[in-house]
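Reading the structure
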Amino acid sequence: MHRIENKNIRNIAIIAHVDHGKTTLVDAMFKQSGLFRKGEKTDDRLMDTMDLEKERGITIAAKNCSIDWKGVKINVIDTPGHADFGGEVERALSMVDGAILLVDASEGPLPQTRFVLDKAIKSGIKVIVVINKIDRKDARPLEVLDEVYSLLIDLDASDEQMEFEVLYAIGRDGIAQESLDKPGKNLHVLMERIVKEVPGPKYKENEPFQMLVSDLSYSDYLGRLAIGKVINGSTDSKNSMICIQKDGKIVPLKISKLQCYAGLGLEEIEKVEAGEIVVLSGIEDVHIGDTICTKDQPKVLPRITVDEPTVFMKFSRNSSPLAGTEGKLVQPGKIKDRLEKESLLNVSIQVEESPDKESFIVKGRGEFQMAIIIETMRREGFELNVGRPQVIFKTIDGIKMEPMEHLYIQCEDTFTGIVTEKLSRRKAKLVNMTNHSDGRVQIEFSTPARSLIGYRDEFLTDTRGTGIMNSSFAGYDKYKGDFSNRYSGSLVGDRSGNAVPYALFNLEPRGNMFITSGDKVYEGMVIGEHNREGDLNVNPTKKKQLSNMRASGKDEAVVLSPILPMTLERALQFIRDDELVEVTPKNIRIRKVALSAHDRKRLDKKNE
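Throughout what follows, the structure given in this document is the object of discussion. (Residues numbered from 1 in each chain as written. Predicted model: local features only at pLDDT ≥ 70, side-chain atom pairs only at ≥ 80, totals over all residues. Heavy atoms only, no water.)

Re the overall build of the chain
Rules: In DSSP terms, a helix is any run of H or I states spanning at least four residues, a strand is any run of E spanning at least two, and both are numbered starting from the N terminus. By the convention used here, residues are in contact when the closest approach between their heavy atoms is within 4.5 Å.
Each helix and strand in the chain was counted, giving 14 helices and 37 strands. Within the chain, contacts between residues at least 6 apart in sequence are counted, and of these 72% link residues at least 24 apart.

Structural notes on the packing of aromatic side chains
Under the convention used in this document: Two rings from Phe, Tyr or Trp (for Trp, the six-membered ring) form a pair when their centres sit within 6.5 Å of each other. Planes less than 30 degrees apart are called stacked, planes more than 60 degrees apart edge-to-face, and all others tilted. Relative accessibility decides the category of a residue: with a 1.4 Å probe and only protein chains considered, values under 20% of the type maximum give buried, values over 50% give exposed, and everything between is partly exposed. For a Lys NZ or an Arg CZ to count as sitting over a ring, it must be within 6 Å of the ring centre and within 35 degrees of the ring normal.
Under the definition given, this model contains four aromatic pairs. Between F393 and Y479, the aromatic rings sit 5.6 Å apart at their centres with planes inclined by 80 degrees, giving edge-to-face as the arrangement. Placement of F393 in the loop between strand 24 (390-391) and strand 25 (394-396) and of Y479 in the loop between strand 29 (468-478) and strand 30 (489-493) is noted, with a sequence separation of 86 residues between them. Overall, F393 belongs to the partly exposed group, its relative accessible area being 35%. For Y479, a relative accessible area of 27% translates into the label partly exposed. The aromatic ring of F393 is capped on one face by K400, whose charged end is 4.5 Å from the ring centroid.

Remarks on the pattern of salt bridges
Pairing between side chains becomes possible if they bear opposite charge and their charged atoms approach one another. Heads up, the condition is: Note on definitions: salt bridges are taken to be side-chain nitrogens of Lys or Arg within 4 Å of carboxyl oxygens of Asp or Glu.
Summed over all chains, the structure comprises 26 salt bridges. The shortest N-O distance in the salt bridge between E192 and K70 comes to 2.6 Å. Pair noted here: E192 is in helix 7 (residues 188-197) and K70 is in the loop between strand 3 (63-69) and strand 4 (72-78), with a separation of 122 residues, a long-range link. The exposure class assigned to E192 is partly exposed, which follows from its relative accessible area of 35%.

Observations concerning the pairing of strand 22 (residues 359-364)
On a regular strand, one side chain projects to one face of the sheet and the next to the other, so that they alternate. Definition in use: Strands are treated as partners if at least two bridges between them are detected by DSSP.
Counting buried residues in strand 22 gives six out of six residues, a clear majority hidden from the surface. The alternating pattern of strand 22 places S359, I361 and K363 and F360, V362 and G364 on opposite faces, both of which are buried. Pairing analysis gives six bridges linking strand 20 (residues 311-317) to strand 22, with the strands arranged antiparallel. Each residue of the ladder has a partner; that of V311, found in strand 22, is G364. Bridge count between strand 21 (residues 350-353) and strand 22: four bridges; the pairing is antiparallel.

Re the side chain of T584
Applied cut-off: Two N or O atoms form a polar contact when they lie within 3.5 Å of each other; inside protein one atom must be a possible hydrogen donor and the other a possible acceptor, and for residues adjacent in sequence the pair counts only when both atoms belong to side chains.
With respect to the secondary-structure elements, T584 resides in the loop between strand 36 (579-583) and strand 37 (588-592). Residue classification places T584 among the buried residues on the basis of a relative accessible area of 1%. Within the structure, T584 has its side chain in polar contact with the backbone nitrogen of N587 (distance 2.9 Å). In this structure, T584 is in contact with N318, E326, R378, F382, E383 and R589, ignoring residues within four places of it in sequence.

Looking at helix 7
Note: α-helices contain 3.6 residues per turn, so residues at a spacing of three or four share the same orientation. By the criterion of burial, helix 7 is predominantly enclosed, with seven of the ten residues buried. Those residues of helix 7 not exposed but buried are V189, L190, M191, R193, I194, V195 and E197.

So, unusual backbone geometry
Despite not being glycine, D397 has its phi angle at roughly 50 degrees, a positive value. One can find D397 in the loop between strand 25 and strand 26 (399-412).

Points about helix 9 (residues 367-379)
Heads up, the rule is: The span expected for a helix works out to 1.5 Å for each residue beyond the first.
With 13 residues, helix 9 should cover 18 Å at 1.5 Å per step; its first-to-last C-alpha distance of 18 Å lies within 8% of that length. For helix 9, the buried fraction is high: ten of the 13 residues fall into the buried class. Following helix 9 by one or two positions, G381 adopts a phi angle in the positive range, close to 105 degrees.

Topic: the side chain of T541
Along the polypeptide, T541 turns up in the loop between strand 35 (536-538) and helix 13 (568-574). Here N539 takes part through its side chain, which lies 2.7 Å from a polar atom of the side chain of T541. If we skip the residues at most four places from it in the chain, T541 touches R495, S496, G497, N498, V500, A503 and V521.

Here we look at the environment of Y487
Mapped onto the secondary structure, Y487 falls in the loop between strand 29 and strand 30. Through-space distance from the C-alpha of Y487 to that of R532 is 7.5 Å; in sequence the pair is 45 residues apart. Every residue in contact with Y487, bar those within four places of it in the chain, is listed here: R425, R532 and E533.

Some words on the environment of G528
Within the secondary structure layout, G528 lies in strand 34 (residues 525-530). Note on G528: relative accessible area 0%, which makes it buried. C-alpha separation for the pair G528 and L491, spaced 37 residues apart in sequence, amounts to 4.9 Å. Beyond its immediate stretch of four places on either side in the chain, G528 contacts S490, L491, N512, M513 and F514.

Right, here's the structure in full:
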């Protein structure tokens with residue numbers, strides 16, 4: 001059947017590694033497209049709407065917006081740069097016909113760029129390369145361009161995809177240019193290239209209305225929102241619609257509102273045409289990957305496929321003696337509802353209920369993705385316990401298989417010894433090493449995914465904060481054998497009460513403390529890291545024995561060593577299998593699964 005191009009619309013995704021300037025470039029595109037009045041006050045990083053995105057400076061959820069350029073509507077989809085949010089990427093790419101690959105002029109294409117670009121190449125979409133931050137002192141744009149060519153060859157790009165357009169940019173200043181020796185003034189050349197190079201969405205003539213649901217949202221006023229691209233046909237809000245679900249089940253729909261993107265917001269429309277990205281409201285029973293079509297001519301579209309999860313964590317209600325004192329949502333039912341809502345909005349998350357109905361297995365793409373879910377929940381008022389992140393093993397033809405990662409490390413050459421030694425202990429295999437002229441080295445490893453759980457903090461300590469570590473999923477391989485993740489034990493509180501300076505001061509030689517004076521403690525709570533192997537039960541509430549005898553010397557004032565505040569990521573990386581992280585809106589604590597010393601001894605004997 002003849003395919004027609006809608007020349008009034010361009011749908012593009014922006015692909016970039018974390019911190020390569022993607023959100024800043026989108027800001028500049030908005031400002032130069034006439035979206036805002038002259039002199040109107042605007043925020044920086046307009047696309048980062050979540051508090052966690054603003055705090056961490058990363059994109060977590062793929063978001064849509066639109067720019068009007070000389071009568072052509074450009075729908076822009078911002079994709080996350082982190083591989084843990086790959087489910088967001090696959091959804092975003094299902095809606096676009098072209099992509100801007102944004103690469104740092106110094107760092108070049110990094111693993112997460114590779115991950116997202118691989119998905120884009122397989123989708124067969126047109127790529128425009130923008131080399132950003134060419135004003136950096138260590139910029140090497142021509143070498144980076146060669147690296148982009150090598151990456152595309154590695155990813156089996158087609159001849160047409162290899163003939164990409166290249167622009168050079170300073171996103172922070174809102175400048176793009178065609179060559180390095182001809183300075184630019186604005187981003188007009190980028191907008192022109194998008195309109196010229198990216199094809200308009202194609203649709204089949206005379207086909208009925210079909211829309212693929214690629215994203216879900218929620219409005220307090222309109223209820224569930226279904227977001228997706230209209231693949232074929234056109235419709236208005238008055239038409240009777242149906243939703244075709246995963247198992248072929250047909251659900252009738254009543255659409256209350258038909259909207260499309262206008263700038264950063266939405267505008268109501270009467271009729272929608274093929275190629276447009278639309279938002280349908282008033283639909284309750286809809287999932288990502290469903291097809292929405294007219295009742296008269298139902299026709300299903302291929303579903304969005306997502307890479308399977310590689311990591312799981314156990315979520316359960318908070319069962320510590322302090323449960324319910326700091327959060328307002330503590331019941332297992334509330335936790336279950338919240339996790340199920342997350343799995344509806346995020347295709348790469350799977351939730352399973354355990355037989356005891358008290359805990360839930362949450363599967364995802366990485367520990368960072370899990371940490372973001374937990375952090376979001378604690379800000380919403382939840383109290384819960386979470387276990388250590390663990391990888392999902394597979395058995396293929398009777399052989400135990402485990403997920404592998406391709407690990408890229410950049411560090412000063414003086415640290416290569418310690419990094420290689422630590423990773424080889426964790427069953428990593430050195431694949432490649434490149435010396436740069438500036439005294440830094442790029443090392444590549446093939447490593448089991450489980451070896452990276454808890455390693456990031458250790459790596460930053462070993463490289464004195466100067467190392468950069470990135471990884472991407474590299475499939476499954478044979479199980480590499482056991483290794484130890486942690487060579488230290490825990491200091492475990494043996495009674496309830498409040499921590500006392502005198503007790504903590506006397507415990508400092510035993511290890512690093514996690515708590516400070518006045519903090520609430522209970523039996524089974526981990527109050528610090530023991531500087532030897534094995535756990536040690538201690539009393540952090542012990543006060544100085546007072547008597548009416550005068551001391552022979554003057555009492556010294558107790559001065560405690562400063563402690564690092566406990567963060568969620570640090571806690572998840574520290575805990576072992578017999579420990580949990582207690583997460584509340586006010587505190588993050590580490591505790592033993594079995595709180596009483598007697599129960600822990602019994603479990604140890606049982607496991608021997």
